[in-house]
Structure formats: structure tokens, C-alpha cells
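What follows is the residue order along each chain.
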Amino acid sequence: MLPAQLGRAPRHLLVCERSHARHPRSRHAAHVRDHAYSCRVSFLIPECGVLPEVVKSTIADIGDYYLVRSLPVHELVTHEFIDAFVKKGSCYALSYKTKIDQDNTAALLPNGKLILSVDKGTYEELGLQGRPSRYSGKKVMRYIITIDLTDAGFQPESKKHNRVLWALKEKKPLEFDFLLAWYNTGAEGSTLMSYFSKNQIQALKPKITFSTLRDLQCPVLQSNDLQGKPEESCSTEELFEWLGAVLNQVSLDNKSSSFLSTYCCPEPNTVVEKAFLCTITGFIIPEKIIQLLEQLCSYFSEPKLAYWLTLTVHGFADSPVSWRESEHGFHKGGENLYNFVIFRNLDYWLQMAVGAHDDCPP
Amino acid sequence: MAAAAFERRVLRRAAEHHYLRVRLELPDGGARPNAAQFKQLVVTALRELHGEVGAALPVDVLTYEEKTLSAILRVISSGLVKLWSALTLLGFYQNRRCAFRVLQVKPCGAGWLPPDVSSGSKLGRLPKPTAFS
Amino acid sequence: MEGQLYRRLPPEDSGELRLQPQGSEEAKTFVHAFLKRSMPKMKDEAIQEMLTRKAVVLEHYPKKKTKQKRKKTKGFTAKQRRELRLFEIEPEQQRYAIFLPLHELWKQYIRDLCHGLKPDAQPHMIQGKLLKADLHGAIVTVTKSKCPSYVGITGIILQEFKHVFKIITKEDKLKVVPKLNNVFSLELDGFISYIYGSKFLLRASERSAKKFKLKGTIDL
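Residues numbered from 1 in each chain as written. Chains lettered and ligands numbered in written order. Predicted model: local features only at pLDDT ≥ 70, side-chain atom pairs only at ≥ 80, totals over all residues.

### Thoughts on the overall build of chain B
As a reminder, the rule being used: A run of H or I in DSSP counts as a helix once it spans at least four residues, and a run of E counts as a strand once it spans at least two, with each numbered from the N terminus. Exposed residues have 12 or fewer other C-beta atoms within 10 Å of their own C-beta, buried residues have 20 or more, and partly exposed residues fall in between, where C-beta atoms are placed from the backbone. Note on contacts: each residue gets a C-beta atom placed from the backbone, and two residues are in contact if those atoms are within 7 Å.
Looking only at helices and strands, one finds two helices and seven strands in chain B. Along chain B, from the amino end to the carboxyl end, the secondary structure elements read β-β-α-β-β-α-β-β-β. Out of the 133 residues in chain B, the part that is buried amounts to 35%. The contacts of chain B with a sequence gap of at least 6 include a subset with a gap of at least 24, amounting to 67%.

### Quick word on the overall build of chain C
Along the backbone of chain C there are eight helices and six strands. Across chain C, helices and strands are ordered from the amino to the carboxyl terminus as α-α-α-α-α-α-α-β-β-β-β-β-β-α. Buried residues in chain C amount to 15% of all 220 residues. Put simply, 42% of the contacts in chain C that link residues at least 6 apart link residues at least 24 apart.

### Overview of the environment of Glu232(A)
Residue and element names in this part refer to chain A. Considering the arrangement of structural elements, one finds Glu 232 in the loop between strand E11 (207–219) and helix H7 (236–247). Take Glu 232: there are 10 C-beta atoms within 10 Å of it, and that puts it in the exposed class. Taking C-alpha positions, Glu 232 is 26 Å from Glu 302, a pair spaced 70 residues apart along the chain.

### A word on the sheet that holds strand E5 (residues 182–188) of chain C
Residues and elements named next belong to chain C. Selection criterion: Should DSSP find at least two bridges between two strands, the strands are regarded as paired. Lines fitted to C-alpha atoms define the axes, with helix axes restricted to the stretch in contact, and inter-axis angles between N-to-C directions lie between 0 and 180 degrees.
The six strands lie next to each other as E4-E3-E2-E1-E5-E6, forming an open sheet whose pairing is antiparallel. Since the sheet does not close on itself, it has two edges, and those belong to strand E4 (174–178) and strand E6 (191–196), each with one partner. Going from strand to strand, the sheet's axes swing by 40° on average, the running direction of each strand aside. When E5 meets E6, the two strands line up antiparallel, connected through six bridges. Within E6, the position partnered with Glu 187 by the bridge is Ile 192. On the sheet, helix H6 (residues 96–113) packs against strand E1 (139–145), strand E2 (154–160), strand E3 (164–169) and E5 and is oriented at approximately 80° with respect to E2.

### Topic: the interface of chain B and chain A
Threshold: Throughout this entry, Asp, Glu, Lys and Arg are counted as charged residues, while Ala, Val, Leu, Ile, Met, Phe, Trp, Tyr, Cys and Pro are counted as nonpolar. The remaining residues, Gly among them, count as polar.
On the chain A side, the residues contacting the 50 residues of chain B number 57 residues. Every element with two or more residues in the side of chain B that touches chain A is listed here: strand E1 (7–12), strand E2 (17–25), helix H1 (35–55), strand E3 (59–65), strand E4 (70–76), helix H2 (80–89) and strand E7 (99–106) of chain B. Sorting elements by how many residues they give to the side of chain B that touches chain A places E1(B) first, with six residues. The residue inventory of the side of chain B that touches chain A, partitioned by class, reads 26 nonpolar, eleven polar and 13 charged. Examined bridge by bridge, strand E1 (residues 13–20) of chain A and E1(B) share six bridges and lie antiparallel to one another.

### Regarding the nonpolar core
What counts is decided by this rule: As used throughout, a nonpolar core is a set of buried Ala, Val, Leu, Ile, Met, Phe, Trp, Tyr and Cys residues joined through C-beta atoms within 7 Å of each other. Residue ranges for the domains trace back to a domain assignment, done automatically or taken from a database.
Ranked by size, the top nonpolar core spans 134 residues in total, and within it Tyr92(A), Ala93(A), Leu180(A), Ile342(A), Leu73(B) and Leu83(B) carry the most contacts. No fewer than three residues from each of domain 1 (4–63 + 207–354) and domain 2 (65–204) of chain A sit in this core. If we ignore the near neighbours within four places in the chain, the residues touching Ile342(A) are Ala21(A), Leu296(A), Cys297(A), Trp308(A), Leu309(A) and Tyr348(A). Trp106(C), Ile126(C), Ala138(C) and Val142(C) belong to the second-largest nonpolar core, a separate cluster that totals 22 residues.

### So, the sheet that holds strand E9 (residues 175–183) of chain A
All names here are of chain A. Overall, antiparallel pairing links the eight strands, which are arranged E7-E8-E6-E5-E4-E9-E3-E10 in an open sheet. The sheet is open, and its two borders are formed by strand E7 (131–132) and strand E10 (200–204), each paired with just one other strand. With five bridges connecting them, strand E3 (residues 65–72) and E10 associate as antiparallel partners. Across the sheet, residue Tyr 65 finds its bridge partner in E10, namely Leu 204.

### Topic: the pairing of strand E15 (residues 347–354) of chain A
Residue and element names in this part refer to chain A. Counting buried residues along E15, eight of its eight residues qualify, which places the element largely inside the surrounding structure. The side-chain alternation of E15 yields two buried faces, one formed by Asp 347, Trp 349, Gln 351 and Ala 353 and the other by Tyr 348, Leu 350, Met 352 and Val 354. The pairing of E1 with E15 spans eight bridges and is classified as antiparallel. When the sheet's bridge partners are listed, Glu 17 is paired in E15 with Leu 350. Alignment of strand E14 (residues 336–343) against E15, held across seven bridges, turns out to be antiparallel. Bridging across to E15, Val 341 finds its partner in Trp 349. Here E14 hands over to E15 after three residues, with Leu 346 in that stretch at a positive phi of 65°.

### A few points about the interface of chain C and chain A
Facing nine residues of chain C, the contacting portion of chain A comprises seven residues. In terms of residue class, the side of chain C that touches chain A is built from three nonpolar, four polar and two charged.

### Thoughts on the environment of Leu117(C)
All names here are of chain C. For Leu 117, the position within the fold is in the loop between H6 and helix H7 (123–132). In the structure, Leu 117 is positioned 30 residues away from Cys 147 in sequence and 34 Å away in space, judged by C-alpha atoms. Leu 117 has contacts with Ile 110, Arg 111, Leu 188 and Asp 189, leaving out every residue within four places of it along the chain.

### Concerning the confidence of the model for chain C
For the record, the criterion: Confidence per residue, as judged by the predictor, is encoded in pLDDT with a range of 0 to 100.
Per-residue confidence for chain C averages 81 on the pLDDT scale, and 85% of its residues sit at or above 70. Per the prediction output, this complex has pTM 0.79; the corresponding ipTM is 0.80.

### Structural notes on the pairing of strand E12 (residues 269–284) of chain A
Each regular strand shows side chains that alternate between the opposite faces of the sheet. Residues and elements named next belong to chain A. One ladder, built from eight bridges, connects strand E2 (residues 38–46) with E12; its direction is antiparallel. Residue pairing for E12: Ser 42 is matched across the bridge by Thr 279. Sheet analysis places E11 next to E12, joined by twelve bridges and oriented antiparallel. Paired with Phe 210 across the strands is Cys 278, a residue of E12.

### What about H6(C)?
Residues and elements named next belong to chain C. This is how the line gets drawn: Under the convention used throughout, the expected extent of a helix is 1.5 Å for every residue step, that is, one less than its residue count.
Compared with the 26 Å implied by 1.5 Å per residue over 18 residues, the 25 Å span of H6 between its first and last C-alpha is a close match. Of all the positions in H6, only Phe 99, Trp 106 and Ile 110 are classed as buried. Residues of H6 that are buried sit in contact with E2, E3 and E5. Backbone geometry just downstream of H6 places His 115 in the positive-phi region, at approximately 55°.

Set out below in C-alpha cells:
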């Protein structure tokens, strides 16, 4: 017999918010912006066979990202880099193929904060002040170092800057493969490609797949009712589960007596003839997701059959942060994702889910 | 804009089900189980470790791919540890050595990353051995 | 018995020995005088008592040396030392350059200790020597520490205490670095040794006699 506490599943959080996309105090864009690292964006539009041109062009313009092989971290704290990129736009960097629960990990946030999540041995050797990870238990095995690159005290030749440079360059040279992306609205300066031309840099395009799902069972949703009512509409949790099934091509038309699987679409539901599913995979920056979100909102500016559509964004499971600078850990799944359900009247639901090693989303 | 009222709900441990992405490892050659046999194997594993009570645990095989022997299982959250431990301790399929690899465990259905997400996601990691602590 | 002692020797004996025979009274006075002369410190009664002894143990007693109680050096107490600031280095003395000769001396000392410190020497042997060696004057660097701000401090060890090193850096700053939870490295002629401070919590004098165990974790 298993001990009783083993019956409890690991902690996880699902935060659901409901508001209106055009409401002046709506925080949907802020939530997107705060979630810096996303690896997959998918949206599902019921009753849609062909994508509108505007959305199509937004997808096409989702932007390249770069993969730089073995880039020493100290290159990210040099003032040439900070002046050319960090201060002139939103610069995103995330160490690639590093595992948050066993490797050292680095991330550069668009607000100019460099976050290093390092194991105990590295921390002791590195000589940079940090704080113990929140999820590493009584005996601390992981530390988080935050360096603000745009800080006033982080001038060239300042004591702080020299110390950071010395630590990352001489004391304990850290090197990662980095995913990089840069977004700026002003004049084009030098590009990441030319800046890192000495390093092994590779421009990558997001992978985009389209598919049309036929005769899809869709739950009925009421925009003003998150909890749903039996016989009337489905709740957010049910929708969330259903969405997972759709994104993974799970068959929904099971009978409850089926041997293999008893999962079926939540009640009540309607069958839509066709639904459009698009998935973008890559290192996708929030600015582009906001653009896409706006385009999807304007999809309803013309009368459409669909009552709602969804936009799902998955964060990197091994990113050191989830929302803003709140620490993220892998634990069992490392999930940090959010999902928008946009209704015809531009009401929206926002669902944010995190796993055991995460703060509550904002 | 009457409908613009703001509402926020925080659900803790609310997920009724947990999802496991698993892969069955078999020695090369020999028969591969089909979906029904796969489900049978999972139930056998549960019965071996947890008896009839375990075998009665409702487990759904949401997807199963015979070619790669990988599947997505769904189980109610209170049975996650039972299922996981049963899969881990299973060693034989039709008198042949076999092993289940639990690749991902998620509390929410939409949390899945398909295994073909090449850039960024780091899949195929075995959960840490502390998973049962 | 007394009569026997002072008896006149038989004439045949005295003849053989060619002695001048003495009269009984004369012999008595002679013995008294002799004893008095050879033991001037003894009182007459004591000598008399000795003569009454029936048996005299003929054994040599070495004079028992009265162990001189070593006078405890009347030093300072710890409190007085603190008050007098005996082990503190005055601020004007806290200059790196002053201590460079000390470092040279130390290098010479280690080279002598390790038989010239040849490049092909066994690191194991050097380690053993360094473990017992005096570290005053060595240039050390903090390579690992639980507290990141200690990392990177380099300088000459001026003083070694039970729990701390006092180090003077190139910037003429005197740093007090605890041994606990710090790892130091010292480099000499290409040999780099690491000192795990947590295992080194001893005074310099005690360390020379301590046997180090290989067991235990080196984790900070």
C-alpha cells in the first residue's frame, strides 16, 4: 500500500483570467511581454479553412532567430554588445540545450538582466554574488545570479563591470550555445549576424506547420463564465484538457466503454466541419506574439462563423525564468505555458499554467 | 462593454488527470504490441505491483504509435504515482526483457510539447530519480 | 661489638700488614676525626648514630637532583595581548612591497624543504611537505568560496591563526579571510596546490604535528 501523500500529484498551478481585449486596463499584452522565452506558438481557428492574408503575413514575418555556438558569456556583458543591442531594443538570449536542473543555464532578458542559474560548484568558483535557488531544498545546490547590464553602476571600467568581466572571462569562463533574437523599432544598426560573425552563428527560421482538422468536436464556451455550467458551457479546465488532446491529435470520439481510452470531448460540444491549426516552432519573441494576437483579434472584425479561437504559447521547459524574473525549475515537466481564448466579442480568457517549481504567474 | 469585467481564478492542483509520455523499449526483433496489447501490458504492470486495486485504476491510452512504441497515457492525478511506479518496475513483455521510459509527465493536457519540436525543447530526458520522494 | 671494632689488631696480622698498631683509644679518636673530616656537614650525634648501625648498605646513592621547577615564563595573557595589539600590523606597515622579501624567503624555504623543488618531483611528496610547512609569506589566492566576494583575493599570508589567514593584497589592503568554507590555491615553480580551508582549522604550530586524514568530504 502506498503512503497517502504519494497519492497527491505534484503541485501545479493554472491561473485563469477573463477580460476584454480592448479594455484599457487589460493586461494581456503585458502578460505576453513578461513571458520572454517561447518555443512554440499554436493557434486553432474553428470554422476556418483558409487563413486570412494578414495573419499569413504576420506568420511569415515572425522573424529569424540565431543560434551561436560556444559563445562565452562574457561577450554578452561587454559594452560593445550592450550599447549595440541591449540598450537599442529588446535583446533575447537563452542558452540552448542546457538542462535547468543539472546544467548551468544563462538567459538575457529584454530588460537587460542577465540571469545565470548555476550549480553550487560553479557558484563557489565564479565569485559573483547571487542567491540560492528557491527550489533546491535545504542543502542548496543551485544559485541564481542576476546581473543588470543596464544598471547605472555597470559602466565600463567600473568596479562592478570589471568584477563581472573578470569572473566570466578569467575566473570561470562559462560558454554556452545561445539562442539569440533581437527586436528593435528604430533604425537598423548592426545586426546580430554581423556582430557575431567571428563566432559560429547560424540564422534559423521558425518551423511553421499548417493543418486542417475535419469534423472536430469543439466544446461550447461562454465568454463570461470561466467555470462553466453543466449542459450549458464548458469550464476553462475542460477546455485546457481538450486543447491538449487536439494539439496532440488524440482521437476524441471514444466511447466511455472503450478499452483503450475513455477520453472524449467535454459536454456540451458541437462538431465543426473544419478547423485550422497552425503551429510555429522556434525561438519566438513576445513582440511577435503580441502582433499575432492582435491579428487574431482583428480576425473577428468581419463576421465569422467561429465563436472563439485559441492561441497557445509554450515556454521553454528549461528556461531559468517563466514570467518576468520569477524563477522556473524543471521538476517533472518544466511546463510554463499560456493560452488565450479569444471570443467573437473580443472578450478573452487567459490561462497560464506552471509546474511545481514556479511562482504563481502574474 | 458590460462583458469586460475582470475575473481571475487560481487553481492549485486542480488537474484531474495527469499525462505521461512513455516509450516502451524492447529488444530488437520480435512482435511489437498493438494498441490493445499495449494497454494490456500497462494493466499487467499495474496488477503486478498494486494488485487488483491497481489494475482497476483507469488509464487511458490517448495515442499509441506502434512504430516507435511511444504512447501518451492519461491517468487520474491520485493514481499517477501508482502508474509511474508500476511502469518503472515492469521488466518483461511476453517473456522478453522490456522497459518503460517515462519521458514527460504533465498535469495539463495542453502542456504537451510534441517530440518533434527540435529547436528549443529538450526532450527525451528521463525524470530525475527523486521523482518518488 | 664496639670492643671488637676498636680492638687492637693481633700482632701477627699487624706484622704481615706492616702497620703501626694503634691503641684502642687512639683508634676511636681517629675514626671520629676521620668521619668528622669526611662528612663535615653532619653533626656529631649523627655520626655517632651512624657508627651504632649494625649493617651499612654499601651502595652508591646518586644525589637525587631536585627537579628545578621550571619557572613559567611570565608572558602576557590573551587579554593583555589583545590590549597591547601585539599581533596587529600597523596601518603604515600594511604595504605589499614590505612583505615581498618575506615571500622570497618563504620560496627559498619551500625549495629547501622539498629538496630543490625539481619539476620531476612527486607531487605527492611536495603535498606532504607543504601540509606541514609554514605558510607565512606564501602568495595564495582564494579559488572557491561559499561567499563569492572572497573569491579572487590574492596576496601574501602575513599571519595564520586558527580560523583565519591575514593576507595583504597587491593593493596594500589587509584582508582577513576565514579558512572555513574557502579553498585557497598556492603556486610555486609551476606546482599548484589547493588548500581546503575547512580541513585546515589549526594554528600553524599545531598543524606541523597534526596527522591529516584522507577521509572526509572536500565539499564546501
